[in-house]
Amino acid sequence: MEKHEEDNQTSLTEFLLLGMGDMPTLRIPLFLLLLIIYLVTMVGNILIVVLVVLEQRLHTPMYTFLGTLSSLETWYSSTILPRLLASFLTGDRAISVHGCMAQFYFFSSFVATECYLLGAMSYDRYLAICQPLHYVRRMTWKVCLQLVAASWLVSVFVAATVTAFLSQVNFCGPKTIDHFFCDFTPLLELSCSDTSVVTLVSFIICFLSIIFPFLFTLVSYTCIVATILRIPSSVSRKKAFSTCSSHLIVVTVFYVTLFIVYLLPRTAPLRQLNKVFSFFYTVLTPLVNPLVYSLRNREVREALRK
């Protein structure tokens, strides 16, 4: 009995990521599907970055934000998909505790960066549509680069803070993580120590890096929509809306799936549904973003044709 209790209190050195479940017959088809998704995601986002850099007409704050977002999506996808691909190919689902913490750090950092970038892009569209006469004066290259740099730097800091607190937690429960990557809640479920401090810190960080940018984006688009509806000409209204429709689609898809994942109770019947929405915003959103921007943006389409 004493030995059993001692084993339970021994800190784990590795976890087993259960992924999508035990489906040996689907391993190769899923590997091929994820490989295609990963390759298309990387090619699509890298292509947008190259277009923004090389095409003179795209050297504006709006497309600088877009290029930064596409660059972020390549790193974002590379945090999860290569490890998942290796798991499907080899059948090895083990990941060290340090590797898990590293994956969580980069994942949370990129999520926070995307939230801040989407907020900065909404501010850019707010100035362009609601205050067009002041746009050039307010959205200068200096302001644009400061917003991009701040998005990355603040995210690195907040992710490091949460990861530092999470790494102090003792993991001595079952070593299986019922997820396909190292996320905060599944990791916390394996803890056998007091998690009140890390939970409080993560709540504060979540408000600063997810809720606050979301509210800022929501207010910006409320003002944008109100301004567009006041435009008397239907042609002008359509033109104004087309300048922000792609970004609005990306924001809606990203935040809707993000909130569903983290607000959905992690009860046994809902865990598979939670994985589906997690898969959507971590894997499919980076794939969809370049398609949305290239298909709905005339200047990007023209640059692609060139």
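Definitions and cut-offs
Within every chain, residues take consecutive numbers counted from 1 along the sequence as written. With pLDDT at 70 or above as the cut-off, local features in this predicted model cover only qualifying residues; side-chain atom pairs require 80 or more to be listed or tallied, and sums for whole chains, interfaces and linings still use all residues. To get the side-chain values, all heavy atoms of the structure are used, and hydrogens and water are removed first. UniProt positions are given in the numbering used here, feature names are shortened, and annotations may be inferred rather than shown by experiment. Every helix listed is a DSSP run of H or I at least four residues long, and every strand listed is a run of E at least two residues long, numbered separately from the N terminus. We call a pair of cysteine sulfur atoms a disulfide when they lie within 2.5 Å. Only protein chains enter the accessibility calculation, which uses a 1.4 Å probe; a residue is then buried when its area is under 20% of its type maximum, exposed when over 50%, and partly exposed in between. Salt bridge, as used here, is a side-chain nitrogen of Lys or Arg placed within 4 Å of a carboxyl oxygen of Asp or Glu. Pairing of aromatic rings covers Phe, Tyr and Trp, the last counted by its six-membered ring, and requires centre-to-centre distances within 6.5 Å; plane angles under 30 degrees mean stacked, over 60 mean edge-to-face, and any other angle means tilted.

**Student:** Sorry, what's going on with the UniProt feature "transmembrane region" (unreviewed entry) in the protein here?
**Tutor:** UniProt feature "transmembrane region" (unreviewed entry): in the numbering of this structure it lies at residues 28–54, 143–166, 200–229, 241–264 and 276–295. Split by type, residues 200–229 is 100% helix and 0% strand. Its first and last C-alpha atoms lie 41 Å apart.

**Student:** Would you explain the state of the cysteines in this entry?
**Tutor:** By definition, a disulfide links two cysteine residues through a covalent bond between their sulfur atoms. Summed over the entire model, instances satisfying the criterion amount to one disulfide. Here cysteine 100 pairs with cysteine 182 through a disulfide, and the sulfurs are 1.9 Å apart. Given an S-S torsion of about -115°, the disulfide between cysteine 100 and cysteine 182 has left-handed geometry. In this pair, cysteine 100 is assigned in helix α4 (residues 97–130) and cysteine 182 in the loop between β3 (176–177) and α7 (184–188), connecting sequence segments 82 residues apart. The same class applies to cysteine 100 as to cysteine 182, namely buried. The thiol sulfur of cysteine 206 is not disulfide-bonded, and the nearest other cysteine sulfur, from cysteine 115, lies at 8.5 Å.

**Student:** How should the pattern of salt bridges be read in this particular structure?
**Tutor:** Opposite charge on two side chains makes pairing possible when the charged atoms of those side chains draw close. Taken as a whole, this structure holds three salt bridges when the rule is applied. Taking the shortest distance from any N to any O, the salt bridge between aspartate 178 and lysine 275 comes out at 2.7 Å. Placement of the pair is aspartate 178 in the loop between β3 and α7 and lysine 275 in helix α10 (residues 271–296), with a sequence separation of 97 residues.

**Student:** Explanation requested: the packing of aromatic side chains in the structure shown.
**Tutor:** Both the distance between ring centres and the angle between the ring planes are used here to describe each pair of aromatic rings. Enumeration over the complete set of coordinates arrives at 17 aromatic pairs. Seen in terms of ring centroids, tyrosine 76 and phenylalanine 107 are 6.2 Å apart; in terms of plane orientation they differ by 20°. Their pairing is stacked. With tyrosine 76 in helix α3 (residues 61–90) and phenylalanine 107 in helix α4, this pair connects stretches of sequence that are 31 residues apart. When sorted by exposure, tyrosine 76 lands in the same class as phenylalanine 107, which is buried. On the basis of an interplanar angle of 50° and a centroid distance of 6.3 Å, the ring pair of phenylalanine 107 and tyrosine 281 is categorised as tilted. Residue phenylalanine 107 is located in helix α4, and its partner tyrosine 281 is located in helix α10; the two are separated by 174 residues in the primary sequence. The exposure class of phenylalanine 107 is buried, given its relative accessible area of 3%.

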